[in-house]
Amino acid sequence: MKPLNKYIDHTLLKPQSTRSQIRELCDQAREFDFASVCVNPCWIRYCRQQLAGSQVKVCTVIGFPLGAMTTEAKVAECRDAVEKGADEIDMVINIGALIDGEMEFVSEEIRRVKEAAGDRILKVILETCLLSDEQKVQGCRACVAGGADFVKTSTGFSTGGATVEDVRLMKQTVGEACQVKAAGGVRSYEDLIAMIEAGADRIGTSSGTRLLQNASSSRR
C-alpha cells in the first residue's frame, strides 16, 4: 500500500470558496504532500502558482456538479482546463443518459473528453447515490470503454457520497482496467482505511489534514 497521503485529493469545491481558502488548501497540500488539490476551474492557474516546486498535482472538475451539459461543452471545458495547467480532470457523467441505458452515448462522451484531456488523468464521476447497482456496473463499463483512467463515486453535492459497498462493486467491475476514486463523506481515519481496503486508489476529501493527523494518533 502506498503512503496514505498519496491517496488523497485535497478538495475544496464549494462555490463560495475564497482566494485565502484556496491558498490554505494549497499550503496544506504542500505540507502533507497530497496527491493533488481538487478545485473548480477558475482556481487552476492560482493553484499551479501556489504549488510550484512541489509534487502535488492540480485536479479540476468539468461538467460539475450535474453532468447535464452538452458533450461539446464538456470537451471545451476540458480543453480550457488543460490549457490553464490542470494535471487531472474529474468529469461528471451524463447521469440521465446512463439511467436511460444510452450506453453508446455515455461511452462516446467519455472518449471525447479523454481525447481532449490527452495524457492527463481522467476520472469519471458516476454519482452512485442516484443509480441502481446495475446502473453502477453499466456506468463503470462505459468508463472502461471510453478510456477513463478512474471511475469515481460521487460529486459530494448530491444526495449521498461514497460507500464501501459501491467502491467494492466498482473495483470488481473495472478490475485492472481502471482505478477507483471514492469521494464524498470520507471524514475519519476509519472511513479512509475502509475505502482503501474496498479497492479505492484515490480518496477525494476536504478533511485530508485531519485524516492524516488521526492516522498518526491511531498508530501511537
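This text gives an overview of the structure that appears in the document.

Considering the sheet that holds strand E3 (residues 57-62)
Sheet strands line up and pair through hydrogen bonds in the backbone, either parallel or antiparallel. Taking strand neighbours around the barrel as the criterion, the 8 strands line up as E1-E2-E3-E4-E5-E6-E7-E8 in a closed arrangement whose pairing is parallel. The sheet shows a mean angle of 25° between the axes of neighbouring strands, taken without regard to direction. Of the strand pairs in this sheet, strand E4 (residues 88-92) and strand E5 (residues 121-125) are connected by 5 bridges, and their pairing is parallel. The residue bridging Asp90 from the neighbouring strand is Lys123, located in E5. Along the sheet, helix H7 (residues 164-174) makes contact with strand E6 (150-152) and strand E7 (179-183), crossing E7 at roughly 165°.

Observations regarding the pairing of E5
Burial analysis of E5 places 4 of its 5 residues in the buried class, the great majority of the element. Here E5 pairs with E6 via 3 bridges, running parallel. Considered in E6, the bridge of Val124 is made with Val151.

Regarding the pattern of salt bridges
A side chain with one charge may pair with a side chain of the opposite charge, provided their charged atoms come close. This structure, assessed with the given rule, holds 20 salt bridges. Among the ionic pairs, Lys152 bridges to Asp90, the shortest N-O distance being 2.8 Å. Linking Lys152 in strand E6 with Asp90 in strand E4, this pair joins segments that are 62 residues apart in sequence. Exposure remark for Asp90: the relative accessible area of 0% places this residue in the buried category. In this structure, Glu108 and Arg111 form a salt bridge, with 2.7 Å as the shortest nitrogen-oxygen distance. In this pair, Glu108 and Arg111 both sit in helix H5 (residues 103-117), 3 residues apart, roughly one turn of the helix. Residues joined by salt bridges that share partners form a network here, namely Asp9, Glu88, Asp90, Lys123, Lys152, Lys181 and Arg202.

About the thresholds
- Residues numbered from 1 in each chain as written.
- Predicted model: local features only at pLDDT ≥ 70, side-chain atom pairs only at ≥ 80, totals over all residues.
- Heavy atoms only, no water.
- Pairing = 2+ DSSP bridges.
- Helix = DSSP H or I, 4+ residues; strand = E, 2+ residues; numbered from the N terminus.
- Axes fitted to C-alpha atoms, helices over the stretch in contact; angles between N-to-C directions.
- Contact = heavy atoms within 4.5 Å.
- Buried < 20%, exposed > 50% of the residue type's maximum accessible area, 1.4 Å probe, protein only.
- Salt bridge = Lys/Arg side-chain N within 4 Å of Asp/Glu carboxyl O.

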